[in-house]
Amino acid sequence: MSFLALVVRILLWPLRRASSLVFPLNDLDGLSPAVTAKAAQSFVSMLRKQYPSNDSELWSTTGFAALKNEATASKSLILVYLYSPLHRQANHVVDHILTTRQFQEFLNQPHLVAMGFSIHSGQGLQLAQMLNAASFPLVALLEPQQSTLSLMLSVQGPVLLEMTNPNTLLTYMNTALTRHQVQLAEQEARRIQREEEQLLRQEQDAEYHATLRADQERQRQLREEEEARVQAEREAAEQESAARRELDEKLHRARNAVRPPPAEGGTRIRFVLPSGKKLVRSFESDETIGSLKAFLLVTFHEDEETENIERIALSTNYPKKTYDDEDVTLEEAGLSPQAVLMVQDLDA
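Numbers given for residues are sequential positions, taken from 1 along each chain in its written order. Only residues with pLDDT of 70 or above have their local features reported here, since the model is predicted, and side-chain atom pairs are shown and tallied only from 80 upward, although totals for entire chains, interfaces and linings are computed over all residues. To get the side-chain values, all heavy atoms of the structure are used, and hydrogens and water are removed first.

Here we look at helix α8 (residues 166-257)
Consideration 1: Helix length check: α8, at 92 residues, gives a terminal C-alpha distance of 130 Å against a target of 136 Å (1.5 Å per residue), a fit within 8%.
Consideration 2: Pro166, Leu169, Leu170, Met173, Ala176, Leu177, His180, Leu184, Leu247, Leu251 and Ala254 are the residues of α8 that are buried. Labels follow the DSSP assignment, with helices taken as runs of H or I lasting at least four residues and strands as runs of E lasting at least two, numbered in each case from the N terminus. Multiplying 1.5 Å by the helix residue count minus one yields the expected span of that helix. Note on classification: 1.4 Å probe, protein chains only; a residue is buried when its accessible area is under 20% of the maximum for its type, exposed when over 50%, partly exposed between these limits.

Take a look at the structure:
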């Protein structure tokens, strides 16, 4: 068996040598970004060399993975051209279609990127297998969809080679590109509509929250006003209660301070009220000015026909004199045995 294997290897060596010369190893094999970029650059170099007047910049020189990411981001279609350099009509499609003015104008449209690969490169072989290519050359339009590629158009082999007018192929390609652009326009319209709806919802939410905050602020103000009103009423009630207690205590002291009128003698006082009404009463001569005010205070609160005066001042007209010292007796004040006192309301 080892001898037979050796014979086979010797017989196949010329074929392997020829193959290595035609298809150099480690040049375009592999699918690394650098190798796939080199495969794309090889096609572009061929265009520049054989068709110097052609705009080769329309063809990508990056790796296929990088171009796919670019197409996904820009929502572009990918035009792929696969060919075999060994095909007897290898340049037919390039001559009659790819380098024509019409096809150049097509490639220059937005939402479209293009690249070419030899099927003898690792990337070209992978794409041929992915597209189920049965013959070459091949032109395909791919649409990136998230992590996959959708085949929109594929023309290959004899069908493609029979096309001598680029418009025949461009009719199909423009239809696919137009359909793609319509889809993009619809997607953009939906995106704009979603943004407008989202903006409208945000405005409505902002308006709702603003209204809610305004309502909450009004409620807060109403609560504060109600609390302030209740507090004011409470304080007023407390002040009124305190004033009433103070008055009750004052009346109680006044009643205790007022002695019964003397049976005879004493000091006769005639009080002239602010209304002109007169009150006459007799007091002991040793009673004080404070006793007179206490009598008047009790009288004002017990007799509804008199004025209600709480802060009382006493004075005489002739001579003009005011009696402020409540501890002075009537005799010491010179009011005994009789006198006329004018009553003033200090709060009036």
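What to know about the sheet that holds strand β4 (residues 148-156)
Consideration 1: What the 4 strands build is an open sheet, ordered β2-β1-β3-β4; its pairing is mixed. Either end of the sheet is taken by a strand with one partner, and the two such strands are β2 (112-118) and β4. Mean inter-strand twist for the sheet, computed between neighbouring axes without regard to direction, equals 25°.
Consideration 2: Note on contacts: a residue pair qualifies if any of its non-hydrogen atoms lie within 4.5 Å across the two residues. The angle between two axes is taken between their N-to-C directions and runs from 0 to 180 degrees, where each axis is a line fitted to C-alpha atoms and a helix contributes only its stretch in contact. On the sheet, helix α2 (residues 33-50) packs against β1 (77-83) and β2 and is oriented at approximately 90° with respect to β2. In short, DSSP must find at least two bridges between two strands for them to pair.

Observations regarding the environment of Leu314
Consideration 1: As for its placement among the helices and strands, Leu314 is situated in strand β7 (residues 312-316).
Consideration 2: Note: C-alpha distance between Leu314 and Lys293 (21 residues apart in sequence) is 8.2 Å.
Consideration 3: Those residues in contact with Leu314 that sit more than four places away from it in its chain are Phe271, Ile289, Leu292, Lys293, Leu296, Lys321, Thr322, Tyr323, Leu341, Met342, Val343 and Gln344.

Some remarks on the nonpolar core
Consideration 1: Among the buried residues, those of types Ala, Val, Leu, Ile, Met, Phe, Trp, Tyr and Cys that are joined through side-chain atoms within 4.5 Å form a nonpolar core. One finds Trp59, Leu79 and Phe103 to be the most contacted residues of the largest nonpolar core, which totals 33 residues.
Consideration 2: A per-element tally of this core places α8 first, with 5 residues.
Consideration 3: Counting 21 residues, the second-largest nonpolar core is a separate cluster that includes Phe283, Ile309, Leu335 and Leu341.

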